[in-house]
Amino acid sequence: MLKRINNFKIWDNSSFLLQDTLDYVYVINNQKDYLSYLETTNQDFKVVWELTNSVINPEIINKLDILIYKDNRNTDEIVFLSDRTIEVVWNIQLKVLCRELLKRWYDASYLIGIPWTIAAACVNNSWSGRLNQSILDNVIRIEYYVKNKKYNKNIWEILFSYRNTEFKCMNNIFISKIVLKFEQIERSELSIKIEKRYAERL
């Protein structure tokens, strides 16, 4: 159910120590909540994961509706297809996705230690600097809405650069599904990569 929270204190809900208060926010847990929100207003909005830089930007506070979504640990919403493609809902934790990929010998070792959800990682083009590899290297397609209009974009149609994408500055956008593809490699090779990645994160 779509939930509205009035007088939302950023201080209590963010790692950024700013004593600002949003008049209200909406909390969305699934796509149904998002569509319910669209039925309530024509206001411009921004969807964010928990609280991030974009929410506390003075140009945004109290000028846009803020839709906050929580992360999702439900592995049933990670769908493994026969051609090594993986369909993932928007709010799956990246660490949960990484764990499920590694269990099936997919080479996702570079994702170890990268925070956020899959949607937030795609919007920000999360990057492993040491490995010179980004999440969008494995993305095939992104399904998203601009308000109530649905789009499907292949990766080559999306503008992106180092830790940036065309989605980052957009308002009124809701990413609903991501389709990815990973290579499966030998267990011994993957184990070495995992050990090396953990050592780099120490």
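Residues numbered from 1 in each chain as written. Predicted model: local features only at pLDDT ≥ 70, side-chain atom pairs only at ≥ 80, totals over all residues. Heavy atoms only, no water.

S.K.: Tell me about the sheet that holds strand 10 (residues 149–154), residues and numbers included.
M.R.: The strand order across the open sheet formed by five strands is 5-6-13-9-10, and the pairing between neighbours is antiparallel. Either end of the sheet is taken by a strand with one partner, and the two such strands are strand 5 (78–80) and strand 10. Across the sheet, the mean angle separating the axes of adjacent strands is 15 degrees when strand polarity is ignored. Across seven bridges, the pairing between strand 9 (residues 139–146) and strand 13 (residues 173–181) is antiparallel. Within strand 13, the residue paired with Val146 across the bridge is Ile173. (Pairing = 2+ DSSP bridges. Helix = DSSP H or I, 4+ residues; strand = E, 2+ residues; numbered from the N terminus. Axes fitted to C-alpha atoms, helices over the stretch in contact; angles between N-to-C directions.)

S.K.: Describe helix 4 (residues 94–103), listing the residues and the values that go with them.
M.R.: Of all ten residues making up helix 4, seven are buried, and the element is well covered by its neighbours. Residues of helix 4 that are buried: Leu94, Val96, Leu97, Cys98, Glu100, Leu101 and Leu102. Trailing helix 4 by a residue or two, Trp105 shows a phi angle of about 65 degrees, which is positive. (Buried < 20%, exposed > 50% of the residue type's maximum accessible area, 1.4 Å probe, protein only.)

S.K.: Tell me what's going on with the pattern of salt bridges, and back it up with residues and numbers.
M.R.: Evaluated as defined, the whole model comprises nine salt bridges. Note that Glu100 is salt-bridged to Arg99, the shortest N-O span being 3.3 Å. Across the pair Asp107 and Lys193 runs a salt bridge, and its minimum N-O distance is 2.7 Å. Of this pair, Asp107 sits in the loop between helix 4 and helix 5 (118–124) while Lys193 sits in helix 6 (residues 187–201), placing them 86 residues apart in sequence. (Salt bridge = Lys/Arg side-chain N within 4 Å of Asp/Glu carboxyl O.)

S.K.: Go over the nonpolar core with me, naming the residues and quoting the values.
M.R.: Core analysis: the largest hydrophobic core is formed by 52 residues, its most contacted members being Leu97, Leu111, Ile118, Ile135, Ile142 and Phe182. Of all hydrophobic cores here, the second largest spans seven residues; its members include Phe8, Ile10, Val25 and Ile66. (Core = buried A, V, L, I, M, F, W, Y, C linked by side-chain atoms within 4.5 Å.)

S.K.: If you had to explain the side chain of Thr165 to someone new, which residues and values would you point to?
M.R.: If you trace the backbone, Thr165 turns up in strand 12 (residues 164–165). According to the relative accessible area criterion, Thr165 is buried, its value standing at 6%. Within the local environment of Thr165, its side chain forms a polar contact with the backbone oxygen of Val123, the two atoms lying 2.7 Å apart. Residues contacting Thr165, with those up to four places away along its chain left out, are Cys122, Val123, Asn125, Leu136, Leu159 and Phe160. (Polar contact = N/O pair within 3.5 Å; in protein donor to acceptor, adjacent residues only side chain to side chain. Contact = heavy atoms within 4.5 Å.)

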